Structures are given as C-alpha cells and as structure tokens.
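Analysis of the macromolecular model
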Amino acid sequence: MGRGRDLQVKNSGLEGSGENMDINNFMSTKEYAKTLDQEDPLVSYREEFYLNPGMIYMDGNSLGLLSKRAEKSLMKSLEDWKKYAIDGWTEGAEPWFYFSERLGELSAPLVGALADEVIMGGSTTANLHQLAATFLNRELAGIRFWRMN
Amino acid sequence: MADELTFPSDIYALQSQLRLHGLDPSAHLVQVKSRDGKFLEEDDIIAEMNEDIAMIVLPTVLYRSGQILDMERLTKEAHARGIMVGFDACHSVGVIPHLFDNWEVDFAFWCNYKHLNGGPGCVAGLYVNRKHFARKPGLAGWFGSRKDKQFDMEHTFTQANSAGAFQIGTPHILSMAPLLGSLEMFAEAGIEHIRKKSLRLTQYLMDLIQSELMGYGFEIGSPRHEAKRGGHIILEHPEAARICKALKQEAIIPDYREPDMIRLAPVALYTSFQEVYETVKVLKKIMDGRLYENYENKRGIIA
C-alpha cells in the first residue's frame, strides 16, 4: 500500500485551512471522514451543485454535475436570445460572436496556455480530426511515412 | 503513433485520417503496447519514436487506470526527433494542472463535460501552440476567419491569428453557455487547490479500500504514486459489472468499464470525504451479503 507523499502539491493561499488534514493519520472511522470534511478548504463549493439527496455521485469523470452558476450562465444566453434575437451575436451578457474565444481565455490557465491558444468548439473527436487534418500532412511530415508507403 | 490503451474514438479518428491520405491504418498507425494492459511506460513510448513517426497523439491521463503520462518528457523526446505531439486531455482538464506552453506541446483537445461540468454534449476544447498559428486549418470554415473579415463574405479565407482559426462552423452557444459559470468556479477555487483535494480524496478512497475491502477479490488498478495518479480510481473485480448494478441500487453512482473495472471518481468541488466513506461501507455490505448475485454480470448499453 503506497502511502508515499511523493509529490507535495503546492499550497498557496486559502491559508490556515486544511493544514491539519494529514491523510497519513488514516483511520477507517466515520469520525475521521467527518474531520477531513471539516478541514476541507473547498467544502463550500459543494453547496453550489445540484446534488440529489441520498445519492452519492462517483461518476463526475464521465459527466460532471450541474452547478447553479453553470445553470445561471446558460439561462443568461437563453435570455439574450429572447431579448436580442439576432443582435445577441454582438450584444447581451455574453455576445455569442466572441463566446468561444472568451471561454478559451478562461480555460487557458487550466492548461497552462496563453489566452489566444485555446478555443472552445466542436467535440473532442471532431477537434482531433481538425488537428490531425492540420498537423498530419506532407509538408509537415516531410517524407516520413509517405516514404514507408 | 498512439497507444493501445487510449479511448477508441481517438483511434477511429486517426485511422480515418490516415485513410484520407490513402494510407493503410494497419501499417501506418503505430500503437504503443502496454506491458500489463493497465499502464504505459514512457520508456516504451520513447523507444517507438523513430524516424518513421510524424505525429504522436497520447492521453494526458488514461481513461481506465487514471495514469498520468509524463507529458513534458514525452514532448521533449518527440521534438528531439522532429515529431509533432498532441494530447487528449479529457481526463485531466479541471483536475490536474497542465503546463502546455512550458512543455511546448504542439496541440491538445479535450471535452468539458467531465471535470469541468459543462453539461451533456458540451462543446470541447482545443489548444494550438502559438508557433503553429500560421498553419492552415486542415478543415476550414467561416468561424475560423479573422473576426473583422468574417462578414466580408469573401471566398478567400483569412484565418484568425489564434487558436480560433481552427474553428469550423457556427458555435453551439447553448452547449457552451454553462461553461462560463463553471469556469468561474475553477478560477476562483484554483486548480492547485482542486488538485490537492482530489489527491486527498483518491488517497483516502484507496486507504479505505485497502483497510476494508481486501479479501473480497478487489484489486486497485490505479497508480499509488501521486505524480502518476489522475482524478479517479479503478477497482478491478471479476464481478465488476454486477457490483456496479448493486451500487446503483444503493443510490451510489459508479462507472463500469470493460472488462472488469469499477471506476470511482470523487470530485474535489462536490464530493465529500463522508461520501467516500459511505461508498466503501456500502461496497463492503454488497460483498458481505453477496448482493451482486441478484444481478447479471453484464453491462447495460452504457454502464
């Protein structure tokens, strides 16, 4: 059983909170789980999500849960459609013409990129198709695999 | 080049792209082998980087075992051989920090409906390193235009000088709008803090499994080492499919992955340690009472 704290994830900010939480003191009791929750600096975010009472959701890496903020931003775009119709592309809470770029900018810190290096659109597989179609060509690959042919 | 453990859709896409070039995927797509069917060794990937490889697409985090690949090292080794590198970041975005620019990754793509909570079918993400902005999109469309040129309606494509150039058609506004609110939370909470809690949750889950569930035939199929562990844990068991059904009956939602894996993802922003505790407690109850025997050991359409 590896308990190694081989990688210390940097802790910056949220000071004081969570500092006593040491999983090396693991105990298999319910009280221990409660203590970990009490010492969790991110605990308040839980209230921002729609959680079904009595249900434990362990599938957030297939489909994440709806948060109130996500619901709100979706409703804003619907409102903009209602109110501005075609002009929603350039007006409203979040003008649609620039929306993909805006979301790219917000996502950039999550991947360690500059704002203009990230864009939102398509689907995972459609984006791979785009990227493969862009990067896998004769000029870029030189003679590499066409030589194998 | 790809790997033999990656998500099938990536392989289908690469195979079809090769076919479009008139190349036979069985000869021209190299898939790096796993030694144990669970993990990939960076050394094995690097060993396959020979002069016949033009482009590499790998996952950041493997969708089953949750192993994190050493993206920095792999990118460096590929570039030393003149090979382009791209990553499928579906299972890592929103749960581990990335440094694509520092690592000089060429491109990446990911979905936003997993850890980023963008909703079912939410639009996806695409990253292109600045040094490639001048490249012509393989698949061009009007939303890839420079913003001030797009409505000139010319038949000559003037591409945006950004990753925006790789957009194709009109964006799916209502399938991306939830992301705005969601991304705000990630900016506020900070990805380093999210990663820290995620590691605590997965460590706690593994500790509980180790302490409560040994002797029932379970095996942990995820890396113990923190630097190698993504945001979910794989629990292997020959009866996995019907253990998942029994868990659902008890109002615990796991994920089943062929052939014998229970995938559990405690999520930093909304899963509590007490829920992790309850999950393992219920698993123990299911095993003690052999409650899984009430179900067929076969997955439904999805899980």
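Keep in mind that this is a model prediction, so the values were computed, not measured.

1. As for the packing of helix α2 (residues 68-84) of chain A against helix α6 (residues 177-189) of chain B
- Two elements in contact, α2(A) and α6(B), have axes separated by 6 Å at closest approach and are oriented at 140°. In this structure, α2(A) crosses over α6(B), and the sense of that crossing is right-handed. For the pair formed by α2(A) and α6(B), the contact residues are A:R69, A:A70, A:S73, A:L74 and A:S77 on the first element and B:A177, B:P178, B:L180, B:G181, B:S182, B:E184, B:M185 and B:E188 on the second.
- Of the residues that constitute the contact of α2(A) with α6(B), the class distribution is 6 nonpolar, 4 polar and 3 charged.

2. Observations regarding the domain arrangement of chain B
All names here are of chain B.
- Domain boundaries assigned for chain B yield domain 1 (2-187) and domain 2 (190-294).
- The C-alpha-based centres of domain 1 and domain 2 are spaced at 29 Å.
- Contact residues are listed per partner, giving 21 residues for domain 1 and 24 residues for domain 2.
- Both sides together, the interface formed by domain 1 and domain 2 hides about 1900 Å², and carbon and sulfur atoms give 58% of it.
- At the boundary of domain 1 and domain 2, one finds 12 residue pairs in polar contact (both at pLDDT 80 or more).

3. Description of the interface of chain A and chain B
- Listed as interface residues are 101 residues of chain A and, on the opposing side, 135 residues of chain B.
- Both faces considered, chain A and chain B share a buried interface measuring about 10700 Å² in area, 64% of it formed by carbon and sulfur atoms.
- Ranking the residues of chain A by area buried against chain B places A:M58, A:N61 and A:L110 at the top, with a combined share of 8%.
- At the junction of chain A with chain B, the criterion picks out 7 salt bridges.
- B:E188 is paired through a salt bridge with A:R69; the nearest N and O atoms lie 2.9 Å apart.

4. Things to note about the pattern of salt bridges
- For the structure on display, the rule yields 27 salt bridges over all chains.
- Put simply, A:D116 and B:R130 hold a salt bridge, and the shortest N to O gap is 2.9 Å. With one member in each of two chains, A:D116 in the loop between α3 (99-111) and β2 (118-120) and B:R130 in the loop between β6 (125-128) and α6 form a pair that bridges those chains.
- Among the residues examined, A:D116 registers a relative accessible area of 25% and is labelled partly exposed.
- Residue B:R130 is classed as partly exposed on the basis of its relative accessible area of 45%.
- Linked by salt bridges that have partners in common, A:E48, A:R69, B:E184 and B:E188 make up one network.

5. A few points about the nonpolar core
Residues and elements named next belong to chain B.
- Counting residues in hydrophobic clusters, the biggest one holds 63 residues, and the most contacted among them are I45, M49, F100 and W110.
- Ranked by residue count, the leading element in this core is α6, at 7 residues.
- When residues of this core are assigned to domains, at least three map to each of domain 1 (2-187) and domain 2 (190-294).

6. Concerning the sheet that holds strand β8 (residues 233-236) of chain B
Residues and elements named next belong to chain B.
- If you trace the 4 strands from one edge of the open sheet to the other, you get β7-β8-β11-β10, paired in antiparallel fashion. Both outer strands of the open sheet, β7 (219-220) and β10 (255-257), are each paired with one neighbouring strand and no more.
- Where helix α7 (residues 191-212) meets the sheet, its contacts fall on β7, β8 and β11 (261-264), and the angle it forms with β8 comes to roughly 20°.
- Sitting on the sheet, helix α8 (residues 240-249) is in contact with β10 and β11, with an inclination near 40° to β11.

7. Some details on helix α1 (residues 8-20) of chain B
- Compared with an ideal rise of 1.5 Å per residue, which puts 13 residues at 18 Å, α1(B) spans 19 Å between its outermost C-alpha atoms and is within 8% of the ideal.
- With its phi angle positive at about 75°, B:G22 sits one or two positions after the end of α1(B).

What counts, and at which threshold
- Residues numbered from 1 in each chain as written.
- Chains lettered and ligands numbered in written order.
- Predicted model: local features only at pLDDT ≥ 70, side-chain atom pairs only at ≥ 80, totals over all residues.
- Heavy atoms only, no water.
- Axes fitted to C-alpha atoms, helices over the stretch in contact; angles between N-to-C directions.
- Helix = DSSP H or I, 4+ residues; strand = E, 2+ residues; numbered from the N terminus.
- Left-handed = near helix turned anticlockwise from the far one by under 90°.
- Contact = heavy atoms within 4.5 Å.
- Nonpolar A, V, L, I, M, F, W, Y, C, P; charged D, E, K, R; others polar.
- Domains from an automatic or database assignment.
- Buried area = accessible area lost by both parts, 1.4 Å probe.
- Polar contact = N/O pair within 3.5 Å; in protein donor to acceptor, adjacent residues only side chain to side chain.
- Salt bridge = Lys/Arg side-chain N within 4 Å of Asp/Glu carboxyl O.
- Buried < 20%, exposed > 50% of the residue type's maximum accessible area, 1.4 Å probe, protein only.
- Core = buried A, V, L, I, M, F, W, Y, C linked by side-chain atoms within 4.5 Å.
- Pairing = 2+ DSSP bridges.
- Expected span 1.5 Å × (residues − 1).

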